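Structure at a glance
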Amino acid sequence: MNLERLPNEEKLTLCRKYYFGGFAFLPFLWLVNVVWFFKEAFVKPTYTEQLQIKTYVKCSGLGFLLWVAVLTTWITIFQHFRAEWGEVGDYLSFTIPLGIP
Amino acid sequence: MCSNMVRCLGDGNTSLQKLATSIVFFFCLSDVSCNSVEQKIYVELNNTVPCVRLLNATHQIGCQSSISGDTGVIHVLESEEDLEWPLSKGPNPPYMVLLESSLFTRSIMMKMKNESNRVAGVAVVVPNTSPPEFSPHTTCPNENTGVYSDNYGPNLAHCNTTVWNPRGNGLSYEEFDFPVFSLKEDNETEFIKQCYLDHNRAVNGSAPQYPLCAMQLFSHMHAVTNTPTCMRRNDINFSINPEMVCDPLGDYNVWGSIRPYNDTVFGHKENESVVIAAARLDSRAFFWEVSTGAEGSVSGFVTLLAAAQALREVTHEAPPTRNILFAFFQGETFDYIGSSRMVYDMENGKFVIDLDNIHSVLEIGQVRTCVKNLVNNLQSSTAGLGFLLVEPNVSQPLPPSSLQRFLRAQPIPGIVLADHESAFNNRYYESFYDNAANLNLTYPSDLSPEEQLEFVTHTAESLTDVATVVARALYKQAGGDESRVNTIKADPKIVTQMLYGFLVSSNNSWFQAVMAPELKNILSDPPEYYVGVAMSSTPTRLVQYLLANLTGAATNLTQSQCQKPDELPNESRQMYSYLWVQGIVPPNSTERDSFCVRASVRLTKAVSPAFELGEYASKDYSTWTESRWKFIKARIFLVASRDLEVKLQSSSRIHICLINYSCVA
């Protein structure tokens with residue numbers, strides 16, 4: 001969708017929708033928000049709605065980074081310790097590799 | 001690949017392009033001619049036997065390969081010092097070490113286990129003649145599940161007094177993380193050795209040049225760690241692709257009795273006193289499923305079958321006071337699976353008798369020759385054995401035997417008949433060399449298979465004497481008529497036929513006559529005595545039908561009556577089992593004379609109580625399981641050096657068109 005053709009209010013509504021949508025455990029919506037609206041928020045010359053769009057983009061970026069940190073930590077811990085956790089590790093897994101602990 | 005070829009044909013004429021596309025598409029779909037390239041590269045090895053992974057409550061044993069097979073440069077080991085080449089000096093690790101059987105020792109295998117990043121796998125060449133001695137089992141078989149423990153006879157436990165299997169090197173119970181396969185001494189092995197001599201030998205001290213002869217072994221096992229882990233992974237429901245990873249070892253026990261029992265009435269029977277005669281059916285080896293167990297188990301159960309046959313006539317004419325129950329236990333090698341299950345069933349009222357009904361137990365262990373000492377002892381024995389000893393003079397523990405599981409539950413008088421005073425005489429205990437040659441079972445060379453079946457060997461005569469003694473002792477123990485004891489004689493012809501069938505070839509006329517028609521295809525060269533997981537082992541079926549034939553009676557029932565005997569007034573499926581057997585082929589016809597045998601012979605499940613109770617970490621019962629796997633194969637090929645593989649990939653795109661043309665042509 002080409003943002004050039006949209007009026008500024010609709011851009012703001014779209015940005016807001018993606019921002020609030022990301023709270024439903026959907027961090028990729030925040031990533032999309034950041035990437036898509038980056039130019040609108042920081043590169044384009046100022047217009048009225050740009051301040052709000054800037055806030056939304058910054059908060060989306062922060063939220064996404066937080067998710068990345070949490071998921072990376074959990075994935076590292078799980079991959080490293082799954083074999084040692086025995087029963088708990090097996091019950092948390094969707095696929096268990098064959099033939100290796 | 002196919003699109004490259006189209007581009008190769010040029011961007012010119014579009015109609016020619018379309019025609020070419022359709023031709024290429026057609027040929028690429030049916031690439032039958034392209035498969036011959038695979039056959040030119042790889043030579044499949046067909047007569048190999050892998051070593052598989054077994055697990056128990058705390059450990060895993062056996063061998064594992066990686067999921068896409070382990071490849072290594074072949075090295076034929078000449079001596080133990082030559083191990084330096086694959087382990088440290090050789091320039092092309094990992095190596096696939098080919099061992100002669102004389103080098104298949106504990107020290108060599110443990111050295112390779114410690115350097116397993118340079119060893120891709122091991123292939124052992126099994127010769128036709130046996131080495132002087134070899135036993136991969138442990139020195140103290142079944143030490144944790146017998147009757148002696150730290151609480152009961154601690155000085156006799158863990159082989160503190162007598163080491164039963166001193167030749168044991170424990171290889172079967174080690175864990176290897178590379179595959180170990182066995183090869184026969186035949187043309188395939190000669191081909192492998194020739195490939196090694198042609199490509200892999202170092203010439204004048206310089207390193208051998210690529211391409212080198214390599215072997216790839218696939219034996220990826222699914223189960224890991226121990227039995228509780230693998231049984232838990234079997235049961236997980238919400239995984240994306242639920243897979244069974246292991247199965248408990250087990251099969252069926254065979255039991256029969258002189259007087260039949262009602263198969264639906266379980267538990268204690270008032271005023272019923274039973275003498276149990278027991279033997280074990282199974283054995284094992286280092287490699288999967290090849291196990292012949294000639295002295296270890298076959299000699300014992302063949303003697304018991306002969307004794308059962310010897311008692312048939314006298315017990316019909318002058319029945320003894322007590323009943324005699326013949327029990328053949330399966331799975332005894334792996335911590336007494338069969339006998340622990342039968343004792344468990346008796347304790348919990350799931351068997352036709354109870355532990356209190358047992359008067360005494362006589363077990364036949366490893367018997368090879370005439371057991372002179374015990375022969376005299378038993379012949380003068382009176383009813384009422386109040387002691388549990390193997391030798392009357394020396395205070396000594398019982399050898400590993402099913403009797404130990406009965407004693408673990410309740411003190412019962414018992415005897416174990418064996419041909420060894422302390423340590424085993426068997427030089428190949430639980431190994432693939434415990435075969436007919438170990439029992440000195442030799443036939444004159446000019447006999448046909450049918451004549452060999454009938455020929456009474458020296459071994460058969462010795463075992464017949466043992467069977468006669470056992471039968472007389474059982475009859476006296478059961479309170480039979482003393483005057484008739486000396487008329488009991490085992491038949492050497494039956495013993496020699498059984499020895500031939502169980503140790504040389506089970507596809508003979510007598511076994512065919514005794515078996516059911518639907519089972520006739522399971523008879524082949526000597527049966528395998530490994531207990532397995534499929535609950536359909538050949539020795540169990542053979543012993544079931546033989547016991548029925550030797551102790552039961554032939555009836556006049558037709559085949560449909562044999563399947564539904566309850567409709568007839570005098571027959572009852574609860575008291576007897578009715579088996580439709582093939583019978584012999586009369587001289588002038590091609591049809592078999594099939595008939596219905598009525599015998600009091602039953603099968604009971606021989607799966608460890610640990611799996612019934614769900615106690616997979618049990619210390620009291622056997623917890624042995626066998627891992628599952630997808631496929632097992634071995635192949636050899638010439639392997640190029642690593643850097644050549646990378647160069648080849650980048651230049652392959654240019655040459656693809658030419659290769660395609662030659663492939664299609």
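Residues numbered from 1 in each chain as written. Chains lettered and ligands numbered in written order. Predicted model: local features only at pLDDT ≥ 70, side-chain atom pairs only at ≥ 80, totals over all residues. Heavy atoms only, no water.

Our working rule: UniProt positions are given in the numbering used here, feature names are shortened, and annotations may be inferred rather than shown by experiment.
Per an unreviewed UniProt entry, chain B carries the name Nicastrin and comes from Oncorhynchus kisutch. For the record of chain B, the UniProt heading Sequence similarities (unreviewed entry) holds the text "Belongs to the nicastrin family." Reading the Subcellular location (unreviewed entry) entry of the UniProt record for chain B gives the comment "Membrane".

For chain A, the name recorded in an unreviewed UniProt entry is Gamma-secretase subunit PEN-2, with Oncorhynchus kisutch as its organism. UniProt lists a comment for chain A under the heading Sequence similarities (unreviewed entry), and it reads "Belongs to the PEN-2 family."

**A word on unusual backbone geometry**
All names here are of chain B. To keep it simple, the criterion reads: Only DSSP runs of H or I with at least four residues qualify as helices, and only runs of E with at least two residues qualify as strands; both kinds are numbered from the N terminus onward.
Each neighbour pair has its own omega, and for proline 93 with proline 94 the value is -10°, a cis peptide bond. Assignment of secondary structure puts proline 94 in the loop between helix 4 (84–89) and strand 6 (95–100). In this chain, tyrosine 210 is followed by proline 211 through a cis amide linkage whose omega measures -5°. Along the chain, the position of proline 211 falls in the loop between helix 6 (187–199) and strand 10 (212–218). In this structure, glutamate 289 takes a positive phi of about 70° despite not being glycine. Positionally, glutamate 289 belongs in the loop between strand 13 (274–280) and helix 8 (294–317). With a phi close to 55°, methionine 535 is a non-glycine residue in the positive phi region. As for its position among the elements, methionine 535 is in the loop between helix 15 (509–514) and helix 16 (538–551).

**A few points about the side chain of Ser627(B)**
Rules: Whether two residues touch is decided by their heavy atoms; if any such pair falls within 4.5 Å, the residues are in contact.
Inspection of the secondary structure puts Ser627(B) in strand 21 (residues 625–627). Setting aside residues no more than four positions away along its own chain, Ser627(B) makes contact with Arg53(B), Leu55(B), Met221(B), His222(B), Ala223(B), Val245(B) and Cys246(B).

**What to know about the UniProt feature "domain: Nicastrin small lobe" (unreviewed entry) in chain B**
Residues given the UniProt feature "domain: Nicastrin small lobe" (unreviewed entry) here are residues 50–223 of chain B. Helix makes up 16% of residues 50–223 of chain B and strand makes up 24%, while its end C-alpha atoms are separated by 16 Å.

**Remarks on the UniProt feature "transmembrane region" (unreviewed entry) in chain A**
All names here are of chain A. UniProt feature "transmembrane region" (unreviewed entry): in the numbering of this structure it lies at residues 20–38 and 59–81. Helix makes up 74% of residues 20–38 and strand 0%, with an end-to-end C-alpha separation of 17 Å. When the span residues 59–81 is considered, its composition is 100% helix and 0% strand, and the gap between its end C-alpha atoms is 33 Å.

**Comments concerning the packing of aromatic side chains**
All names here are of chain B. Let me state the cut-off plainly: Within 6.5 Å between ring centres, the rings of Phe, Tyr and Trp (the latter by its six-membered ring) count as paired, and their orientation is classed by plane angle as stacked under 30 degrees, edge-to-face over 60, tilted in between. Each residue's exposure class comes from its accessible area (1.4 Å probe, protein chains only) as a fraction of the maximum for that residue type: buried when under 20%, exposed when over 50%, partly exposed otherwise. We call a charge positioned over a ring when the NZ of a Lys or the CZ of an Arg lies within 6 Å of the ring centre and within 35 degrees of the ring normal.
Under the definition given, this model contains 45 aromatic pairs over all chains. Plain terms: the ring middles of tyrosine 148 and tyrosine 152 are 6.4 Å apart, the flat faces sit at 20° to each other, and that makes the pair stacked. The exposure class assigned to tyrosine 148 is buried, which follows from its relative accessible area of 15%. Residue classification places tyrosine 152 among the partly exposed residues on the basis of a relative accessible area of 44%. Among the aromatic side chains, those forming a connected cluster through ring pairs are Phe104, Phe134, Phe176, Phe178, Phe286, Phe287, Tyr428, Phe432 and Tyr433. Sitting over the ring of tyrosine 42, arginine 635 keeps its end group 3.8 Å from the ring centre.

**With respect to the pattern of salt bridges**
Two side chains that carry opposite charge are able to pair once their charged atoms sit near each other. Residues and elements named next belong to chain B. Quick note on the threshold: The working definition used for a salt bridge is a side-chain nitrogen of Lys or Arg within 4 Å of a carboxyl oxygen of Asp or Glu.
For the coordinates displayed, the defined rule picks out 22 salt bridges over all chains. The residue arginine 602 makes a salt bridge to aspartate 263 at a minimum N-O spacing of 3.8 Å. Placement of arginine 602 in strand 20 (residues 601–607) and of aspartate 263 in the loop between strand 12 (250–257) and strand 13 is noted, with a sequence separation of 339 residues between them. On the basis of relative accessible area, arginine 602 is assigned to the buried category, the value being 11%.

**Some remarks on the nonpolar core**
All names here are of chain B. Using the following cut-off: Nonpolar cores are built from buried Ala, Val, Leu, Ile, Met, Phe, Trp, Tyr and Cys residues. Side-chain atoms within 4.5 Å join them into one set.
Judged by nonpolar contacts, the single largest core of 71 residues is most densely connected at Phe301, Leu305, Phe328, Met498 and Phe502. Top element by residues in this core is helix 8. It accounts for 12 residues. Each residue touching leucine 305, except ones within four places of it in the same chain, is listed here: Phe328, Met498, Phe502, Val543, Leu546, Leu547 and Leu550. One finds Met109, Val122, Phe287 and Phe432 within the second-largest nonpolar core, a separate group that totals 28 residues.

**Let's talk about the sheet that holds strand 19 (residues 595–599) of chain B**
Strand pairing within a sheet occurs via backbone hydrogen bonds; the two strands may be parallel or antiparallel. All names here are of chain B. The condition is simple: Paired strands are those between which DSSP finds at least two bridges. Helix axes are fitted only over the stretch in contact, all axes being lines through C-alpha atoms; the angle between N-to-C directions runs from 0 to 180 degrees.
With antiparallel pairing, three strands are arranged side by side in an open sheet as 17-19-18. The two strands at the open ends of the sheet, each matched to only one other strand, are strand 17 (553–555) and strand 18 (577–581). In this sheet, adjacent strand axes meet at a mean angle of 35° when their direction is disregarded. Two strands pair when backbone bridges link them, and strand 18 and strand 19 are joined in this way by five bridges, in the antiparallel orientation. By the bridge assignment, tryptophan 580 is partnered in strand 19 with cysteine 596. Helix 16 contacts strand 17, strand 18 and strand 19 of the sheet and is inclined by roughly 100° relative to strand 18.

**Focus: the layout of surface pockets**
Left-over empty space is what a probe sized like a water molecule reveals as it rolls over the atoms. Residue and element names in this part refer to chain B. Definition in use: Using a grid of 1 Å spacing that covers the protein atoms alone, one calls a set of points a cavity when a 1.4 Å probe fits there but cannot get out, and a pocket when the set is open and has protein on both sides within 12 Å along at least five of seven lines; lining residues are those with an atom within 4 Å of a point. Grid points are joined across faces, edges and corners, and a volume is the space filled by probe spheres set on the points. All amino acids are sorted into three groups, where Ala, Val, Leu, Ile, Met, Phe, Trp, Tyr, Cys and Pro are nonpolar, Asp, Glu, Lys and Arg are charged, and the leftover types, Gly among them, are polar.
By volume, the largest pocket is sized at about 1,100 Å³. Looking at the largest pocket, it is lined by 41 residues, and the ones nearest its centre are Glu289, Val290, Ser291, Thr292 and Glu528. Tallying contributions element by element places strand 9 (residues 180–184) first for the lining of the largest pocket, with three residues. Grouping the amino acids of the lining of the largest pocket by side-chain chemistry returns 22 nonpolar, 13 polar and six charged. Of the voids in this model, the second largest pocket is the one considered here, and its volume is about 800 Å³. As for the second largest pocket, its lining consists of 33 residues, of which Asn56, Thr58, Glu143, Asn144 and Asp335 are closest to the centre. Residue composition of the lining of the second largest pocket, by class: 10 nonpolar, 15 polar and eight charged.

**Observations concerning the sheet that holds strand 14 (residues 323–329) of chain B**
Residues and elements named next belong to chain B. Pairing is mixed in the open sheet, where six strands are placed in the order 16-15-13-14-12-20. In this open sheet, the two strands that pair with only one neighbour each are strand 16 (414–417) and strand 20. Across the sheet, the axes of successive neighbouring strands diverge by a mean angle of 20°, strand direction being ignored. Note that strand 13 and strand 14 share seven bridges and pair parallel. Among the inter-strand pairings, arginine 280 is bridged to a residue of strand 14, identified as phenylalanine 329. With respect to the sheet, helix 13 (residues 458–477) is in contact with strand 13, strand 14, strand 15 (358–364) and strand 16, its orientation differing from that of strand 15 by roughly 175°. Of the strands in this sheet, strand 12, strand 14 and strand 20 are in contact with helix 16, which crosses strand 12 at around 10°.

**Topic: the pairing of strand 7 (residues 119–126) of chain B**
All names here are of chain B. Heads up, the rule is: We call a crossover right-handed when, viewed with the strands running away from us, the connection from the first strand over the helix to the second turns clockwise.
Counting buried positions along strand 7 yields eight of eight residues, so the element is predominantly enclosed. As paired strands, strand 6 and strand 7 are joined by six bridges and run parallel to one another. Paired with leucine 98 across the strands is alanine 123, a residue of strand 7. For the crossover from strand 6 across helix 5 (residues 106–114) to strand 7, the handedness is right-handed. Alignment of strand 7 against strand 9, held across five bridges, turns out to be parallel. In the sheet register, valine 126 faces strand 9, and the bridge partner there is lysine 184.

**A word on the confidence of the model for chain A**
Stated formally: For every residue, the predictor assigns a confidence score, pLDDT, that lies between 0 and 100.
When pLDDT is averaged along chain A, the result is 90, and 100% of the positions lie at 70 or above. Mean pLDDT across the secondary structure elements of chain A bottoms out at helix 4 (residues 87–92) of chain A, with 88, and peaks at helix 3 (residues 50–85) of chain A, with 93.

**Brief notes about the packing of helix 1 (residues 8–21) of chain A against helix 2 (residues 27–43) of chain A**
Residues and elements named next belong to chain A. The condition is simple: Here the angle decides the label: under 35 degrees means roughly parallel, over 145 means roughly antiparallel, 65 to 115 means roughly perpendicular, and every other value means oblique. Helix crossings get a hand from a simple test, with the near helix turned counterclockwise from the far one by less than a right angle marking a left-handed crossing and a clockwise turn marking a right-handed one.
For the pair helix 1 and helix 2, the least separation of the axes is 8 Å and the interaxial angle reads 155°. One element, helix 1, and the other, helix 2, form an angle in the roughly antiparallel class. Where helix 1 crosses over helix 2, the two elements pack in a sense that is left-handed. For the pair formed by helix 1 and helix 2, the contact residues are Lys11, Leu14, Cys15, Tyr18, Tyr19 and Gly21 on the first element and Leu29, Trp30, Val32, Asn33, Trp36, Phe37 and Glu40 on the second. Looking at the contact of helix 1 with helix 2 residue by residue, the classes come out as nine nonpolar, two polar and two charged.

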